[in-house]
Structures are given as structure tokens and as C-alpha cells.
Amino acid sequence: MFCEHPKSIYADKTQWLIHLSTHREAIIQHIVDHFEKCPLGAYPKLIKDKTEYASHIRWTHTKRELYLWAYHNFIESQIAVYP
């Protein structure tokens, strides 16, 4: 989803999280473009300005939260992941 040239890869959760960390800005952009409310927080916050929304994700949520969210929503829910 975030790679220019996606390939089939076999990886465990740790390897996926490391890989996702190289796509931080693309993940943030995807959230900003596809969600009206921040999906990472317990209480979704509606932010109308895209620049403010991206800043909210960068500074309010940890990198780990972002990568775990992306892993769960884009990797774990769509493909088989080896333990």
C-alpha cells in the first residue's frame, strides 16, 4: 500500500513494524486523506485542516502507536502473518 514497488514478502510482526517505520509520512498522509476523525485516539477528534491533522498525528501519538495501527489495519487484517 505504501511502497512504490510492492513485493510479496514473508515477515514476522517485528519485521513488518520495522518496514512500516520507513513509510511514516505515507501512513500519516493516508490517515489525513481517508479519515475525518483521528482513528488512533480513544476519543476521535475531528480536525478540519489537513496540516493541523497531520501535525496532530505526528505530535499527539507515538510512532509506535502509528505503526501498530497501520500494522493492524493494513497488514494483519489483510494477509497471513507468521508469528
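Residues numbered from 1 in each chain as written. Predicted model: local features only at pLDDT ≥ 70, side-chain atom pairs only at ≥ 80, totals over all residues. Heavy atoms only, no water.

A. Examining the overall build of the chain more closely. A count of helical and extended segments in the chain gives four helices and zero strands. Mapped from its N terminus to its C terminus, the chain presents α and β elements in the order α-α-α-α. For the chain, with 83 residues in total, the buried portion stands at 31%. Sequence-distant contacts in the chain: of pairs separated by 6 or more residues, those separated by 24 or more amount to 59%. Surface summary for the chain: the accessible area is close to 6,000 Å², and the carbon and sulfur share equals 54%. (Helix = DSSP H or I, 4+ residues; strand = E, 2+ residues; numbered from the N terminus. Buried < 20%, exposed > 50% of the residue type's maximum accessible area, 1.4 Å probe, protein only. Contact = heavy atoms within 4.5 Å. Areas by Shrake-Rupley, 256 points an atom, 1.4 Å probe, with all protein chains shown as cover.)

B. Quick peek at the pattern of salt bridges. Counting across every chain of the model gives two salt bridges. Ionic pairing is found between E25 and R58, a salt bridge with its closest N-O pair at 2.6 Å. With E25 in helix α2 (residues 24–34) and R58 in helix α3 (residues 50–60), the pair connects residues that are 33 residues apart, well separated along the chain. The exposure class assigned to E25 is partly exposed, which follows from its relative accessible area of 42%. For D33, the salt bridge goes to K50, with nearest N and O atoms at 3.2 Å. You can see D33 sitting in helix α2 and its partner K50 sitting in helix α3, a full 17 residues away along the chain. (Salt bridge = Lys/Arg side-chain N within 4 Å of Asp/Glu carboxyl O.)

C. Representation of helix α1 (residues 13–21) within the structure. Buried residues of α1: W16, L17 and L20, and no others. Angular distribution of buried residues about the axis of α1 spans 100 degrees; they occupy a single face of the element. Those residues of α1 that are buried are in contact with α2 and α4 (63–76). The distance from a side-chain oxygen at the start of α1 to the backbone nitrogen of T14 is 3.3 Å, and the residue carrying that oxygen is D12. (Arc of directions from axis to C-beta. Polar contact = N/O pair within 3.5 Å; in protein donor to acceptor, adjacent residues only side chain to side chain.)

D. Quick peek at the packing of α1 against α4. α4 packs onto α1 with a crossing angle of 115 degrees between their chain directions and a minimal axis gap of 9 Å. Taken as axis vectors, α1 and α4 run roughly perpendicular relative to one another. The chirality of how α1 crosses α4 is right-handed. Counted together, K13, W16, L17, L20 and S21 of α1 and R64, Y67, L68, A70, Y71 and I75 of α4 form the full contact between these two elements. Grouping the constituent residues of the contact of α1 with α4 by class yields eight nonpolar, one polar and two charged. (Axes fitted to C-alpha atoms, helices over the stretch in contact; angles between N-to-C directions. Parallel < 35°, antiparallel > 145°, perpendicular 65-115°, else oblique. Left-handed = near helix turned anticlockwise from the far one by under 90°. Nonpolar A, V, L, I, M, F, W, Y, C, P; charged D, E, K, R; others polar.)

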